[in-house]
Amino acid sequence: MSSNATVAVPKPIALVTAASSGAPRRILVLGATSGIAEATCRIWAAQGASLFLVARNQEKLAAVAADLKTRGAAFVDTAVADLDDTSQHASLLTHAINSLGGMDVAYLAHGILGDQLAAERDFAVAQQILHTNFISVVSLLTWLANYCVQRRSGVLAVISSVAGDRGRKSNYLYGASKAGLSAFLGGLRNRIDREGVTVLNIKPGPVKTAMTAAMKGSEKFADVDKVAQSIVNAIAKKADTLYVPFQWGPIMFVIQHIPEPIFKKLNL
């Protein structure tokens, strides 16, 4: 992990847990250079939020941070980190939250589509998809949930996917990672909602970003700025689940209830 400022990483017991009244909202963004995350951060920056951004690509992260400062963010700090390395999560999160002076929202937006065909042939590819999209997120959420429970406040907003609602042959490794994540989020919410902590499961359909640009029919995918605004609104309302765009809720309800004898014959 590297940072744009030289700061000694404190032990977890040194965490800042209190905020002065009227302080701007403090948001930790993991996977900050993803298309959806960047669009969401632009909205928060215009609202004067304080942001701590984590991503893997140092050059792109620096460009995103500079852009958010010009858009009005009250504070921006960054750390370059490989979020697949779960051994570094505790020190990374401790540093991030202390840099922000506390945390009101954690926004987890990192993940990979992966290569379904390659994953069918090689377990190492499948394992990477599952590790990035599920295991690494569970590691981060376990630490963040315990921090928020200690404060009895906070929003944990996590990008899952409509793909997790039912496995399909075209992307079932990606879908499985998101299905596991959605199940984890549901259980986590059941555990900590009573402690004053909101767990938001964000389930986007296909969105026009750099990650999906090469996909067939990408020109018809949802506009990333509209998706970002829906996410900002859902976090502000402390919602539990967000299908975005909204029509994916009824679409996935129908898909989930197609009888298996019929569904297994479909070319999805």
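Here is what the cut-offs are and how they apply
- Residues numbered from 1 in each chain as written.
- Predicted model: local features only at pLDDT ≥ 70, side-chain atom pairs only at ≥ 80, totals over all residues.
- Heavy atoms only, no water.
- Helix = DSSP H or I, 4+ residues; strand = E, 2+ residues; numbered from the N terminus.
- Buried < 20%, exposed > 50% of the residue type's maximum accessible area, 1.4 Å probe, protein only.
- Contact = heavy atoms within 4.5 Å.
- Areas by Shrake-Rupley, 256 points an atom, 1.4 Å probe, with all protein chains shown as cover.
- Axes fitted to C-alpha atoms, helices over the stretch in contact; angles between N-to-C directions.
- Parallel < 35°, antiparallel > 145°, perpendicular 65-115°, else oblique.
- Left-handed = near helix turned anticlockwise from the far one by under 90°.
- Nonpolar A, V, L, I, M, F, W, Y, C, P; charged D, E, K, R; others polar.
- Phe/Tyr/Trp six-rings, centres within 6.5 Å; stacked < 30°, edge-to-face > 60°.
- Salt bridge = Lys/Arg side-chain N within 4 Å of Asp/Glu carboxyl O.
- Lys, Arg positive; Asp, Glu negative; His and termini not counted.
- Polar contact = N/O pair within 3.5 Å; in protein donor to acceptor, adjacent residues only side chain to side chain.
- pLDDT = per-residue confidence, 0-100.
- Pairing = 2+ DSSP bridges.
- Right-handed = clockwise from strand over helix to strand, strands pointing away.
- Core = buried A, V, L, I, M, F, W, Y, C linked by side-chain atoms within 4.5 Å.
- Expected span 1.5 Å × (residues − 1).

K.L.:
I'd like a description of the overall build of the protein, backed by residues and values.
P.N.:
Of the regular secondary structure elements, the protein holds nine helices and eight strands. Within the span of the protein, comprising 268 residues, buried residues form 47% of the whole. By sequence separation, contacts in the protein at least 24 residues apart represent 74% of the contacts at least 6 residues apart. Of the roughly 12700 Å² that the protein leaves accessible, carbon and sulfur atoms contribute 56%.

K.L.:
Got a sec to walk through the packing of helix H3 (residues 89–100) against helix H5 (residues 123–151)? Specific residues and values, please.
P.N.:
Two elements in contact, H3 and H5, have axes separated by 10 Å at closest approach and are oriented at 50°. Considering the angle they form, H3 stands oblique to H5. Considering how the two elements wind past one another, H3 and H5 form a crossing that is right-handed. In this structure, H3 uses His89, Ala90, Leu93, Thr94 and Ile97 to contact H5, whose residues at the interface are Ser136, Ser139, Leu140, Trp143, Leu144 and Tyr147. Of the residues belonging to the contact of H3 with H5, the class tally is seven nonpolar, four polar and no charged.

K.L.:
Give a detailed account of the packing of aromatic side chains, specifying residues and quantitative values.
P.N.:
The final tally for this structure, using the stated rule, is two aromatic pairs. Taking the centre distance of 5.3 Å and the plane angle of 90° together, the rings of Trp44 and Tyr107 count as edge-to-face. With Trp44 in helix H1 (residues 35–46) and Tyr107 in strand S5 (residues 105–108), this pair connects stretches of sequence that are 63 residues apart. As far as the burial class goes, Trp44 and Tyr107 line up, both buried.

K.L.:
Can you break down the pattern of salt bridges residue by residue, with the values?
P.N.:
Going through the model one piece at a time under the given rule, you end up with 10 salt bridges. The salt bridge partner of Arg26 is Asp104, with a shortest N-O separation of 2.8 Å. Highlighted residues: Arg26 in strand S2 (residues 26–30) and Asp104 in the loop between H3 and S5, separated in sequence by 78 residues. Salt bridges sharing common partners tie together Glu38, Arg42 and Asp225.

K.L.:
Got a sec to walk through the side chain of Asp77? Specific residues and values, please.
P.N.:
For Asp77, the location among the structural elements is in strand S4 (residues 75–80). Here Asp77 sits buried without a salt bridge, and the closest side chain of opposite charge, Lys69, lies 7.3 Å off (N-O distance). One polar contact links Asp77 to Ser99, side chain to side chain, over a distance of 2.7 Å.

K.L.:
Explain the confidence of the model for the protein to me, using residue names and the numbers behind them.
P.N.:
Detailed reading of the predicted model is not advised wherever pLDDT is low. Of the residues in the protein, 87% have a pLDDT of 70 or more, and the chain-wide mean is 90. Ignoring residues within four places in sequence, the model shows residues 2–14, a span with pLDDT below 50, making 20 contacts including any to other chains. Here residues 16–23 scores under 50 on pLDDT; set against residues more than four positions off or in separate chains, the count is 11 contacts.

K.L.:
Hey, could you go over the pairing of strand S3 (residues 50–55) for me, with residue numbers and the actual values?
P.N.:
The element S3 is extensively covered by neighbouring structure, given that six of its six residues are classed as buried. In this structure, S2 lies alongside S3, joined through five bridges in parallel fashion. Of the residues in S3, the one forming a bridge with Val29 is Leu53. This β-α-β element, S2 to H1 to S3, shows right-handed connectivity. Where S3 lies against S4, six bridges are found, and the strand directions are parallel. Bridge pairing in S4 places Val54 opposite Ala79.

K.L.:
Could you give an account of the environment of Ser153, naming the residues involved and the relevant values?
P.N.:
The residue Ser153 is located in the loop between H5 and strand S6 (155–159) in this model. Looking at Ser153, the relative accessible area reads 25%, which means it is partly exposed. The spacing of Ser153 and Ile192 is 39 residues in sequence and 9.8 Å in space, taken between C-alpha atoms. Filtering out sequence-adjacent residues up to four positions away, Ser153 remains in contact with Cys148, Glu195, Gly196 and Val197.

K.L.:
With reference to specific residues and values, describe the nonpolar core.
P.N.:
Residues Val29, Trp44, Leu51, Leu53, Tyr107 and Ile202 are the most contacted members of the largest nonpolar core, which totals 40 residues. Setting aside chain neighbours within four positions, we find Tyr107 in contact with Leu28, Val29, Leu30, Ile36, Ala37, Thr40, Trp44, Ala157, Ile159, Ile202 and Ile231. One finds Leu93, Leu100, Leu156 and Leu188 within the second-largest nonpolar core, a separate group that totals 31 residues.

K.L.:
Can you lay out H1 for me, pointing to particular residues and giving the numbers?
P.N.:
Here H1 spans 17 Å end to end across 12 residues, near enough to the 16 Å set by a 1.5 Å rise per residue. Summarising burial for H1: nine of the 12 residues are buried, a large majority. Gly48 sits one or two positions beyond H1 and adopts a positive phi of about 85°.

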